Amino acid sequence: MTDLLESLNSAQRAAVTAPDGPVLVVAGAGSGKTRVLTTRVAWLLEHGVYPSQVLAYTFTNRAANQMKERVATLVGETNAPFWIGTFHATGARILRSHADRLGLARDFAIYDTDDQKRLLKNVFADLNVDAKQFAIPAARAAISTWKNEDDSPEQARSKAKTFVEETYVKVYEGYQKALRACKAVDFDDLILETVHLLETCDDVRDLYAGKFRHVLVDEFQDTNALQLLLVRLLSSVHGNVFVVGDDDQSIYGWRGARVENMLEFEQHFPGTHLYRLEQNYRSVGIILDAANALIANNKRRKGKNLWTEAARGDPISVEEHLDAEDEAARVVEIVRREQSLGRERGDITVMYRTNAQSRLLEDALRRARVPHQVVGSVQFYERREIRDLLAYLKLTANPADEVSLQRIINQPKRKIGDTTVSRLLACAREHAIAAGDLVMRSDLLRDALGPAAAQRVLQFLGQLAAWRRDAADGKPVPALLERIIADIQYEAFLRDDEPETALGRLENVAELLNGAHAFHEAADGGTLVQFLEQIALVADQDAIRDGEGAVRLMTVHTAKGLEFPVVVVTGCEDDLLPHATSSDTAAGVEEERRLFYVALTRARTRLYLLHAARRRRYGAYEDSLPSRFLGEIPAELCERRQIDHGWRLPPPRTASADADRYSASAIAGRRARSPASSWDRDVAQVSPFYEGQTVVHASFGAGTVVRVEGAGDDLEVTVEFLDHGRKHILPRFAPLHPVD
DNA sequence: GATCGATGATTTTTT
DNA sequence: ATCATCGATC
């Protein structure tokens, strides 16, 4: 067991070997948090705890898999019955085992955000709520908030103050009924119903609270009220709760996460042992200093002092670009530059606040033929053709799933319109028969629909019945999916429907089939319900493949918990980071600051912070100010550059606007508007050229930069031209252009 | 019931 | 700017 602890520092070792009872580990960024958690599990196992007695919660499935692997490596056992997973996945597992106790169907479907919205659309219609007046996404969010605070519709009603809230309460009630009629639960239910199960069924609570002798939680700062309640229920017998987190990295407040869970942990669990990990093993000194200085501006925090023994490293590049297109072009340059310095593409990650920003970056990288991978965002499973096929599978697994039925009953076209679908669903409800099962009551259908429509519906339901028999007979998921694709002639449909995009879509279909095969092999003949559950819960964040040699693009939220040698943060602008919707409250800005802190602390050795002077919003350009957070980073840690707008940029789109923008008075105005910051101190005019860059000269043609000297008007660049050898160029006189 | 074109909302982050 | 939804027309 000494081996286990050997490579740990004293604080880490103390945490790993903490006595039984509640333990809180406050772990700064890069301080070996995951390591402590995994080693703790291994240490417990070496001290007589069985794998089946350990329950470990992680924030993502990716983290869960990683942890399973690491623990397995430490203890040399790969098939131990660990319960390591997200709150949602673990909830689903418990609920499936005891669904009957809550009046749930064992094969319940799991509805994601898109399914929820579709269902809400129906609920709005049933309740005569005007979707123009009361937004569906807002209703969804309200319901989610209620569920995360453990409020039933009745409790929500007593809290509702405005007419709008009361309407949403009505919708909540109708939604919950409709959801159960579809034999479905939503994401929030996976936790909420687990809590209800443990609260109402003493025997079940004793079962799990007794079975798990140790409950561990990663990323505790991002747990919500419900999750805390669940942890308390599960540890009610033994009190062995081991949680790890960093209050400075709490970035899910909008999802109900409460830093208070961490700040007030000792009140919830008296007798807590507290450990602090403050030595950072990830970042070079300059980056760590920048992050520390930034986060010191937050008031609500436990406070810590991260330090490192690592070298200082290079200054942080803080760069202004004219617009988002230029910014994207610069990202390509950075990738090239870093590669010329011997870095792998896979070492470089580009981050942004909103998913919408990824598109321009992707375009630029694609044009430059730089292999790249967008992590998250428009996820594979959100593509239309994939969702359609999954809806076929979902309906096969669960004929009560009205949302899936509505999605595909006329896709491909079967001449079944909205009117027919409404009548079909009404008929199903009236007779309390799942819509998919009405095939057995063709008499009812003929009464409800009229002969022609009934005929078409029956034909479709007949197909569905055949697939259901296949599934019941244990036909493997890949074979079932292949059969469905063949039966509905999906490939032909895709080709005819939209020939331009058909190829890509067919590739996606093939990819889904691959996934089904992989599942079948890995799960050793898993069931259809298991396949669907895995897809519902496992976002393709897990698709982060190591060593693929691709530049990775992701939101800052997605990057949480990861680290990369080189990080480029784009869009460091006010109203984007901090985002406009969070800028009006102090708490909002503090969460955005934590988000920026997460971004900075992902970087090991090299950090670029980019911002554009203007950016398109809803089609039209709007001016952007540098993020206020940039001003909170000490100037001496940065190398700030303002690309020379004069000659580097394409001709101004509106000459007067550009002239205005960069006039002395415009800059003075911006200074006056922005908070007093170090930002304006030295906006040096630094060269846009760097060694190794490919450039074009009017008379010498293409070449490679070998040396850059001076700045501004004295800039002097040495270029090795392909046809004319080595020359000294003064860009002030002889235009030299970077090649993108 | 399907198709085309106009209209209006949309952008915060995810299990 | 782009996408989804809605309405009018076939």
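Counting its secondary structure elements, chain A contains 31 helices and 21 strands. Counting the 740 residues in chain A, one finds 53% classified as buried. Look at the contacts in chain A between residues 6 or more apart in sequence, and 74% of them connect residues 24 or more apart. Accessible surface computed for chain A: about 32100 Å², of which carbon and sulfur atoms make up 49%.

With that settled, consider unusual backbone geometry. Of note, the bond from Q411 into P412 is cis; its omega dihedral lies within 30 degrees of zero at 5°. Among the secondary structure elements, P412 is positioned in the loop between α19 (402-408) and α20 (418-430). Looking along the chain, the bond that leaves L577 and enters P578 is cis, with omega of 10°. Its location among the elements puts P578 in the loop between β13 (564-569) and α28 (586-600).

What follows covers the packing of helix α7 (residues 136-148) against helix α10 (residues 187-200). Interhelical geometry of α7 versus α10 gives an angle of 20° and a closest axis separation of 9 Å. The orientation of α7 relative to α10 falls into the category roughly parallel. As for the relative orientation of α7 and α10, their crossing is left-handed in sense. Between α7 and α10, the contacting residues are S144, K147 and N148 on the first element and D188, D189 and L192 on the second. The class makeup of the residues in the contact of α7 with α10 is one nonpolar, two polar and three charged.

Moving on to the pattern of salt bridges. Per the stated rule, a full pass over the model turns up 55 salt bridges. The closest approach of N and O atoms between R301 and D248, which form a salt bridge, is 2.8 Å. Placement of R301 in the loop between α15 (285-295) and β9 (316-323) and of D248 in the loop between β7 (241-245) and α13 (260-263) is noted, with a sequence separation of 53 residues between them. The class for D248 is buried, based on a relative accessible area of 0%. The partner of E278 in a salt bridge is R276, with the nearest N and O atoms 3.8 Å apart. E278 gets classed as partly exposed once you look at its relative accessible area, which sits at 23%. Here the residues in one salt-bridge network are D112, D114, D115, R118, R387, D388, K394 and R407, joined through shared partners.

Turning our attention to α10. Here α10 spans 20 Å end to end across 14 residues, near enough to the 20 Å set by a 1.5 Å rise per residue. Of all 14 residues making up α10, 10 are buried, and the element is well covered by its neighbours. Burial in α10 covers these residues: D188, D189, L190, I191, L192, E193, T194, V195, L197 and L198. Where α10 starts, the residue carrying a side-chain oxygen 3.1 Å from the main-chain nitrogen of D188 turns out to be D186.

Per the stated rule, a full pass over the model turns up 15 aromatic pairs. A network of ring pairs unites the aromatic residues F59, Y252 and W254 as a single cluster. R96 extends its terminal NZ or CZ atom over the ring of F108, reaching a point 4.0 Å from the ring centre. Sitting over the face of the ring of F59, K560 holds its NZ or CZ atom 3.8 Å from the ring centroid.

Attention now goes to the sheet that holds strand β8 (residues 273-277). Taken in spatial order, the six strands make up an open sheet running β3-β2-β6-β7-β1-β8, and their pairing is parallel. Of all strands in the sheet, those with a lone pairing partner are β3 (83-86) and β8, marking the two edges. Averaged over all adjacent pairs, the angle separating strand axes in this sheet is 15°, with direction ignored. Across three bridges, strand β6 (residues 214-217) lies against β7 in parallel orientation. Residue pairing across strands places L216 opposite F242, the latter belonging to β7. Helix α12 (residues 225-234) contacts β2 (54-58), β6 and β7 of the sheet and is inclined by roughly 170° relative to β2.

For helix α6 (residues 113-126), built from 14 residues, the straight-helix expectation of 20 Å at 1.5 Å per residue is met to within 8% by its first-to-last C-alpha distance of 20 Å. Contacts made by the buried residues of α6 are with β4 (109-111), α7, α9 (163-181), β5 (184-186), α18 (384-397) and α19. You can read the cap of α6 off the contacts: a side-chain oxygen lies 3.1 Å from the backbone nitrogen of D114, and it is on D112. In the stretch just after α6, N128 is the one whose phi turns positive, near 60°.

Across the six residues of β13, six count as buried, placing the element largely inside the fold. Two elements, strand β10 (residues 348-352) and β13, share four bridges in a ladder whose sense is parallel. Bridged to V350 within β13 is V568.

We now examine the environment of R366. Within the fold, R366 resides in helix α17 (residues 358-367). Here R366 falls in the partly exposed class, since its relative accessible area comes to 47%. Taking the C-alpha atoms as reference points, R366 and R614, separated by 248 residues in sequence, lie 23 Å from one another.

A separate point is the environment of R232. Following the sequence through the fold, R232 ends up in helix α12. By relative accessible area, which is 36% here, R232 ends up partly exposed. In this view, R232 contacts H268 and F269; residues no more than four positions away in its chain are not counted.

What follows deals with the confidence of the model for chain A. Taken over all residues, the pLDDT of chain A has a mean of 85, while the share at 70 or more is 89%. Below pLDDT 50 for its whole length, residues 645-686 participates in 63 contacts with residues either more than four positions away or in separate chains.

Looking at the element boundaries, K394 is found in helix α18. We classify K394 as buried; its relative accessible area is 15%. Setting aside anything within four residues of it in sequence, one finds K394 in contact with I110, D115, D401, S404 and L532.

Turning our eyes to something else, we now look at the environment of S236. Mapping S236 onto the fold places it in the loop between α12 and β7. Excluding anything up to four places from it in sequence, S236 contacts R205 and A209. For S236, the side chain forms a polar contact with the main-chain oxygen of L233, separated by 2.7 Å.

We now examine the packing of α10 against helix α11 (residues 202-211). Here α10 crosses α11 at 105°, and the two axes come no closer than 5 Å. When the axes of α10 and α11 are compared, the pair comes out roughly perpendicular. Taking contact as the criterion, the partners of L197, L198, E199 and T200 in α10 are, on α11, D202, V204, R205 and Y208. For the contact of α10 with α11, a count of residues per class yields four nonpolar, one polar and three charged.

For the coordinates displayed, the defined rule picks out zero disulfides. C182 carries a free sulfur, and the closest cysteine sulfur to it, the one in C427, is 16 Å from it. Here C572 is not disulfide-linked; the sulfur of C638 is the nearest cysteine sulfur, at 11 Å.

What counts, and at which threshold
Residues numbered from 1 in each chain as written. Chains lettered and ligands numbered in written order. Predicted model: local features only at pLDDT ≥ 70, side-chain atom pairs only at ≥ 80, totals over all residues. Heavy atoms only, no water. Helix = DSSP H or I, 4+ residues; strand = E, 2+ residues; numbered from the N terminus. Buried < 20%, exposed > 50% of the residue type's maximum accessible area, 1.4 Å probe, protein only. Contact = heavy atoms within 4.5 Å. Areas by Shrake-Rupley, 256 points an atom, 1.4 Å probe, with all protein chains shown as cover. Axes fitted to C-alpha atoms, helices over the stretch in contact; angles between N-to-C directions. Parallel < 35°, antiparallel > 145°, perpendicular 65-115°, else oblique. Left-handed = near helix turned anticlockwise from the far one by under 90°. Nonpolar A, V, L, I, M, F, W, Y, C, P; charged D, E, K, R; others polar. Salt bridge = Lys/Arg side-chain N within 4 Å of Asp/Glu carboxyl O. Expected span 1.5 Å × (residues − 1). Polar contact = N/O pair within 3.5 Å; in protein donor to acceptor, adjacent residues only side chain to side chain. Phe/Tyr/Trp six-rings, centres within 6.5 Å; stacked < 30°, edge-to-face > 60°. Lys NZ or Arg CZ within 6 Å of the ring centre and 35° of its normal. Pairing = 2+ DSSP bridges. pLDDT = per-residue confidence, 0-100. Disulfide = S-S within 2.5 Å.

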